[in-house]
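# What the coordinates show
If you want the building blocks of each chain, they are given just below.
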Amino acid sequence: MQQPQNAPAIPGLQSGKKALLVFFETDCPTCQLALPYLNALKQGSIQVIGLSQDDERTTREFVSQLKISYPVELDSGLKISRAYDPHNVPTFYLLDESGQVQQTLVGFDKQGLNELAEALGQLPIAPADDGAPAWKPGCSSRHLEPEAQDTEQGKAQEYGVKMLRRTGDPATHITLRDDEDPFEYCRQKFGDALPVIPPTVEKVEAMVKASGLAPETVIARVPPFYGEATVEKIAANAVMAGCEPEMMRVLLPLLRAACDERFNIHGVQATTHFAAPLVMINGPVRKELKFWSKQNVFSNVARANSSLGRAFQLVLLNIGGGRPDGIDMSALGNPGKFSFCIAENEEENPWEPFHVTRGLKREQSAVSLFAAEPPRGVSEHTAPAGKTVLETISFALATVWSYRTCLMPEAIVILCPEHVKTIHRDGFTKEQARQFLFENTGIPVRHYSKEERAEGTQLAANYKEITVRGEKCYQKFRSPEAISIFVAGGTAGKFSAVIGSWSTGPAGSQMVTYPIADK
Amino acid sequence: MPLTIVHPGNESVPKAATPPARLKSLAGKKIGLLDISKPGGSFFLDRLEEILRTKHGVADVLRTKKPTFSKNAPPQIIEQLRAMDAVVEGLAD
């Protein structure tokens, strides 16, 4: 695109400098997400100018709440918008020294923002793992809205909600009466039905300090109420859960992962299903913070696992508002809602660890999240062959979600050290073990009857027929990738476990893995 | 000594919305029906649409559907429904 014909002068634009223009609306969530990223661009040799399609009052509010540090101008009468004619907001225009458009970027797109930064000779500005999605479409540009055709200026809808700001308000301090039992007060107001440690100012400050961030930094907005999870409020919940201050290093990326739109914690929190977020820890952080990966891995065995899982749940309750006696409508619930955090027993895993399969380096610490049913045990103590052990596990895999339901569910197989040793000894690679489980998990077609209208039957026309152990079956999973393998547990006892999913894919919850910063 | 704690919860107060006045009659009104995409929702909403059209003389019925029950309705659907006089959301299972 060349410079638009008859484009009105852009206020504040100096000729002879490269410039980045961004058109935005104050009430567009994608604009609220995208515009603060440009604060990281170093000005001087270049100019960054925001062009608001809304009135002065809402624009001032936008700049103040989101702490925009570059000049923002009003596009009065939407004249500049009409000249540049972006279809959506935000739209970014990179102009060369003579004002010619060199590049255009539409919507929020981390890779695109980093490419713009590179074109301006600067470092990347949009980190991959800050909890924001890689890409998010924007809204229709104000000048294309029918009601904007004959108005002088766009008018933002007033929804009465806070913008997606990066800095929140300081938490209120509550001074308890002398005769008030602080443990009882906190249990009643902010607990998970068990007593919590009162989050005193001193304890919370120590926790905040360990994070290395300012207390009012917003880490995530936690559904279903989209409460602002500031470092300070997360720290208060971490104190209540019994975390050591060092745990902030894991808790912050965990919350970013949970609020990643792919994980869909909103749905996970509000569903009538059993789902609870299962936290899986990998890498050097396991030893550094004493995460447990051996016997009783799902139990009350280690402070790190129990307190991190509990802190996470307390944040979901207190900041997100997903109370189990309220908006969390799970029919039966999940014991994992007290705490559901395991670490991989990488030392007993003969294959690559889980986070490496998920695309990270072995020496990188990582946290993964899966919307999980409670674990169901698989005992296999007599079969001598690894193949038979996998077959036994495939029978348990057939039952996840509901026995006759195929294609939609996913599952995590928690292999105990004794089982994985046998399977590995018999020559299976991790990929081959997964492929075997995929090919051998089937539901016999004779178990389906249209008349009974049992769950899973209505979609059988979409299922793939395979032969398992000589019998015609529907294949349980849509792909080998729907099955994940995680090694954990003690070295005695041939007990593995299968964990089913909630609704999966883009319409449900997708597993997410986030790196944890090095020590 | 009194103990001071840090509020660990969400302190933002959502702005309460005022519900619109109840319709005195459905005649001549535009009614939106939102299917949340759960199996069975269409049976209920099909019947409701029939009743609205044949017995209540509504001006129009707008049928909308969320792409998935597990997530919020996208803004485009909310915008469509904003133009209606009343909306019925069909939950199912």
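These figures come from a predicted structure and were not determined experimentally. (Residues numbered from 1 in each chain as written. Chains lettered and ligands numbered in written order. Predicted model: local features only at pLDDT ≥ 70, side-chain atom pairs only at ≥ 80, totals over all residues.)

### What about the overall build of chain B?
- When helices and strands are counted, chain B shows two helices and four strands.
- For chain B, whose C-alpha radius of gyration is 19 Å, the value lies well above the compact-globule estimate of 12 Å for 93 residues.
- Dimensions along the principal axes, computed over C-alpha positions, put chain B at roughly 70 × 30 × 20 Å.
- The 93 residues of chain B split such that 16% are buried.
- Restricting to contacts in chain B with at least 6 residues of sequence separation, those with at least 24 account for 76%. (Helix = DSSP H or I, 4+ residues; strand = E, 2+ residues; numbered from the N terminus. Rg over C-alpha atoms; globule rule 2.2 N^0.38 Å. Buried ≥ 20, exposed ≤ 12 C-beta atoms within 10 Å, placed from the backbone. Contact = placed C-beta atoms within 7 Å.)

### With respect to the overall build of chain A
- Secondary structure assignment for chain A yields 15 helices and 23 strands.
- Computed over its C-alpha atoms, the radius of gyration of chain A comes to 26 Å, within 12% of the 24 Å expected for a compact globule of 519 residues.
- Seen through its C-alpha atoms, chain A measures out along the principal axes to roughly 80 × 65 × 45 Å.
- In chain A, which comprises 519 residues, the share counted as buried stands at 48%.
- In chain A, of all internal contacts separated by at least 6 residues, the share reaching a separation of at least 24 is 78%.

### Let's talk about the sheet that holds strand 16 (residues 376-379) of chain A
Residue and element names in this part refer to chain A.
- Taking strand neighbours across the sheet as the criterion, the four strands line up as 16-22-17-21 in an open arrangement whose pairing is mixed. Edge positions in the sheet fall to strand 16 and strand 21 (483-487), since each has one partner strand and no second. Ignoring strand direction, the axes of neighbouring strands in this sheet form an average angle of 25°. (Pairing = 2+ DSSP bridges. Axes fitted to C-alpha atoms, helices over the stretch in contact; angles between N-to-C directions.)

### Let's talk about helix 14 (residues 417-425) of chain A
Residue and element names in this part refer to chain A.
- Residues P417, E418, H419, V420, T422 and I423 constitute the buried set of helix 14.
- Buried residues along helix 14 sit in contact with helix 13 (386-397), strand 17 (411-415), helix 15 (430-440), strand 21 and strand 22 (495-500).
- G427 sits one or two positions beyond helix 14 and adopts a positive phi of about 95°.

### Here we look at the sheet that holds strand 4 (residues 86-90) of chain B
All names here are of chain B.
- As summarised here, the arrangement of the three strands in space is 3-2-4, forming an open sheet in which the pairing is parallel. At either margin of the open sheet sits one strand with a lone partner, and together these are strand 3 (60-65) and strand 4. Across the sheet, the mean angle separating the axes of adjacent strands is 20° when strand polarity is ignored.
- Pairing of strand 2 (residues 30-35) with strand 4 involves five bridges; the strand directions are parallel. Its bridge partner lying in strand 4, L34 is registered against E89.
- Contacts from helix 1 (residues 41-55) reach strand 2, strand 3 and strand 4, with the element oriented near 170° to strand 2.
- Lying on the sheet, helix 2 (residues 75-82) is in contact with strand 2, strand 3 and strand 4; it crosses strand 3 at an angle near 170°.

### Details of the interface of chain B and chain A
- Listed per partner, the contact involves 17 residues of chain B and 35 residues of chain A.
- Of the residues assigned to the side of chain B that touches chain A, the class counts are six nonpolar, eight polar and three charged.
- Inspection of the sheet shows strand 10 (residues 173-175) of chain A paired to strand 1 (residues 4-6) of chain B by three bridges, in the antiparallel sense. Note on strand 1 of chain B: the bridge partner recorded for H173 of chain A is V6 of chain B. (Nonpolar A, V, L, I, M, F, W, Y, C, P; charged D, E, K, R; others polar.)

### Comments concerning the nonpolar core
Residues and elements named next belong to chain A.
- Core analysis: the biggest nonpolar cluster contains 114 residues, and A238, L251, L255 and V279 have the highest contact counts within it.
- Once you skip the residues sitting within four places of it in the chain, L251 turns out to touch I234, A238, L308, A311 and F312.
- With 33 residues, the next largest nonpolar core counts V48, Y93, A117 and M163 among its residues. (Core = buried A, V, L, I, M, F, W, Y, C linked by C-beta atoms within 7 Å.)

### So, the environment of Q47 of chain A
All names here are of chain A.
- Along the chain, Q47 turns up in strand 2 (residues 46-52).
- Assessed through the 19 C-beta atoms surrounding it within 10 Å, Q47 is described here as partly exposed.
- A sequence separation of 340 residues divides Q47 from K387, and the C-alpha atoms of the two residues are 64 Å apart.
- Residue contacts for Q47: discarding those within four places in its chain leaves L13, Q14, K17 and A19.

### Let's talk about unusual backbone geometry
All names here are of chain A.
- In this model, V89 is joined to P90 through a cis peptide bond whose omega is -5°.
- Along the chain, P90 falls in the loop between strand 4 (88-89) and strand 5 (91-95).
- Residue P223 is joined to P224 through a cis peptide bond whose omega torsion reads 5°.
- If you trace the backbone, P224 turns up in the loop between strand 11 (218-222) and strand 12 (227-230).
- With a phi angle near 55°, R453 is a residue other than glycine that sits in the positive phi range.

### Re the pairing of strand 20 (residues 471-475) of chain A
All names here are of chain A.
- In this structure, strand 18 (residues 442-444) lies alongside strand 20, joined through three bridges in antiparallel fashion. Within the sheet, the bridge partner assigned to I443 lies in strand 20 and is Y474.
- Sheet topology note: the strand 19 (residues 465-468)/strand 20 ladder contains four bridges and is antiparallel. Bridged to I466 within strand 20 is C473.
- The hairpin formed by strand 19 and strand 20 contains two residues between the paired strands, and R469 there has a positive phi angle of roughly 50°.

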